[in-house]
Amino acid sequence: MKDMQVRLEKLRTDAAECALIRDLATDPKKRELFAKPAEHLTVLAFEVERALGDSHSEIAPDVPPGA
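Residues numbered from 1 in each chain as written. Predicted model: local features only at pLDDT ≥ 70, side-chain atom pairs only at ≥ 80, totals over all residues. Heavy atoms only, no water.

As a further point, take the environment of Phe34. Summarising the element assignment, Phe34 is placed in helix H2 (residues 28–59). Looking at Phe34, the relative accessible area reads 24%, which means it is partly exposed. Phe34 sits twelve residues away from Arg22 along the chain, and the two C-alpha atoms are 5.1 Å apart. If sequence neighbours within four positions are ignored, Phe34 has contacts with Cys18, Ile21 and Arg22. (Helix = DSSP H or I, 4+ residues; strand = E, 2+ residues; numbered from the N terminus. Buried < 20%, exposed > 50% of the residue type's maximum accessible area, 1.4 Å probe, protein only. Contact = heavy atoms within 4.5 Å.)

Written as structure tokens, this is what we have:
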């Protein structure tokens, strides 16, 4: 599980770096070039985060306190 958290942080970092390069680019073609991976990596990070949440809930289902 720790390995997946590390990979999730890497995806988030890579997405943020692509977005930064996109935002700083002055050439419209380069903006578009970096916009696509920024969006893709953001979606991947969201999916990994969702999968981690799903697997966590399967391992330890939510139980109300005091139950």
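Below, the discussion takes up the nonpolar core. The biggest cluster of nonpolar side chains holds ten residues, and these are Leu8, Leu11, Ala15, Cys18, Ala19, Ala38, Leu41, Ala45, Val48 and Leu52. Once residues lying within four places of it in the same chain are set aside, the contact partners of Leu52 are Met1, Met4, Gln5 and Leu8. (Core = buried A, V, L, I, M, F, W, Y, C linked by side-chain atoms within 4.5 Å.)

For the coordinates displayed, the defined rule picks out seven salt bridges. With a closest N to O distance of 3.1 Å, Arg7 and Asp3 form a salt bridge. Here the residue Arg7 and the residue Asp3 both occupy positions in helix H1 (residues 2–24), the gap between them amounting to four residues, near one helical turn. The class of Arg7 is exposed, set by a relative accessible area of 51%. Measuring nitrogen to oxygen at the nearest pair gives 3.0 Å for the salt bridge that ties Asp14 to Lys10. Placement of both Asp14 and Lys10 in helix H1 is noted, with a separation of four residues, approximately one turn of the helix. Taken together, the shared-partner salt bridges connect Glu9, Arg12 and Glu49 into one network. (Salt bridge = Lys/Arg side-chain N within 4 Å of Asp/Glu carboxyl O.)

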